[in-house]
Every structure is written in structure tokens, then in C-alpha cells.
Amino acid sequence: MSGEHTPSLSDEEEDDLDCTNSQPQLPELQDTLSKWTNYLHGWQERWVVLSGGTLSYYKSEYDTAFGCRGSMSVAKATIQVRSYILFAARVID
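Asker: Let's hear about the overall build of the protein: which residues, and what values?
Answerer: Across its full length, the protein carries one helix and six strands. The order of α-helices and β-strands along the protein, N terminus first, is α-β-β-β-β-β-β. For the protein, the residues scored as buried account for 12% of the 93 residues in total. Taking all contacts inside the protein whose residues are at least 6 apart in sequence as the whole, residues at least 24 apart take part in 2%.

This is the structure:
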């Protein structure tokens, strides 16, 4: 048919559709989480950051400049739910 208009995409829109581009950006999440420390101190709140597939924890939100106290790859983790408020995460290499 004559007079039909074929829609076209801009270069930017084509780049958005290209599956070979980089992977989608995952959001960085930060909040407090209670961590079992030992029988003497019990549960302690820790500041946790989930970024780029890695879960890192700090003693507090204000200690992030001093480096994390521990981290784990979430992709390699096994999560076991022990109750509605308790879970265990473990990475075995």
C-alpha cells in the first residue's frame, strides 16, 4: 500500500534493545540486619549493603569508610529458612 508509514527507532532506542549491551544495573540496597555473634553478645545489628551481587556487612552505617567486616557472593550462597524471622546464608567454594 502506498502512503504507509514504517516506524523507525532512534539510535538510542536501538541500543536499548540490543541484548549484547551490558547487563541491567542492579539497585544497591542498604539497611540494618540482625546477625548472631555468639552466646555472650547474642544478636547484634549490623549495617548491610547489597551491591553488584555481593552482600557486605559493617558494624554500623558510619563504619563503611573503614571497610567491611565480611562479605559473600549472593549468587554462590545457599539460603536456608529456619523460621519466619531466621535464615542462614552460607557460601561453600
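Asker: Provide a residue-level description of the confidence of the model for the protein, including the pertinent values.
Answerer: In the predicted model, the protein carries a mean pLDDT of 77, and the fraction of residues at 70 or more is 68%. Looking across the protein, the model is least confident in helix α1 (residues 11–17), with a mean pLDDT of 52, and most confident in strand β3 (residues 54–58), with 92.

Asker: Please set out the pairing of strand β2 (residues 42–51) residue by residue, giving values where relevant.
Answerer: In this structure, strand β1 (residues 29–38) lies alongside β2, joined through nine bridges in antiparallel fashion. Its bridge partner being in β2, L33 is matched across the sheet by R46. Taking the residues between adjacent antiparallel strands as the criterion, β1 and β2 are bridged by three residues. Two elements, β2 and β3, share five bridges in a ladder whose sense is antiparallel. Paired with W47 across the strands is Y58, a residue of β3.

Asker: Describe the pairing of strand β4 (residues 70–73), listing the residues and the values that go with them.
Answerer: Here β4 shows a clear split, with G70 and M72 buried on one side and none of S71 and S73 buried on the other. Pairing between β3 and β4: four bridges, direction antiparallel. Counterpart to T54 in the pairing with β4 is S73.

Asker: Can you break down the packing of aromatic side chains residue by residue, with the values?
Answerer: Applying the stated criterion across every chain, the model contains two aromatic pairs. Ring centres of W36 and Y39 lie 5.2 Å apart, and the angle between their planes is 80 degrees; on these two criteria the pair is classed as edge-to-face. The class for W36 is partly exposed, based on a relative accessible area of 37%. Aromatic rings pair up to connect W36, Y39 and W43 into one cluster.

Asker: Now, about the sheet that holds β3: what can you tell me, with residues and values included?
Answerer: Judged by pairing direction, the sheet is antiparallel, and its four strands sit side by side in the order β1-β2-β3-β4 without closing on themselves. Across the chains shown, the open sheet's two edge strands, defined by having one partner strand only, are β1 and β4. Neighbour-to-neighbour, the strand axes of this sheet turn through a mean angle of 30 degrees, independent of strand direction.

Asker: An account of the environment of G42 is needed here, citing residue identities and associated values.
Answerer: Take G42: it is sitting in strand β2. G42 gets classed as buried once you look at its relative accessible area, which sits at 11%.

Calculation notes
Residues numbered from 1 in each chain as written. Predicted model: local features only at pLDDT ≥ 70, side-chain atom pairs only at ≥ 80, totals over all residues. Heavy atoms only, no water. Helix = DSSP H or I, 4+ residues; strand = E, 2+ residues; numbered from the N terminus. Buried < 20%, exposed > 50% of the residue type's maximum accessible area, 1.4 Å probe, protein only. Contact = heavy atoms within 4.5 Å. pLDDT = per-residue confidence, 0-100. Pairing = 2+ DSSP bridges. Phe/Tyr/Trp six-rings, centres within 6.5 Å; stacked < 30°, edge-to-face > 60°. Axes fitted to C-alpha atoms, helices over the stretch in contact; angles between N-to-C directions.

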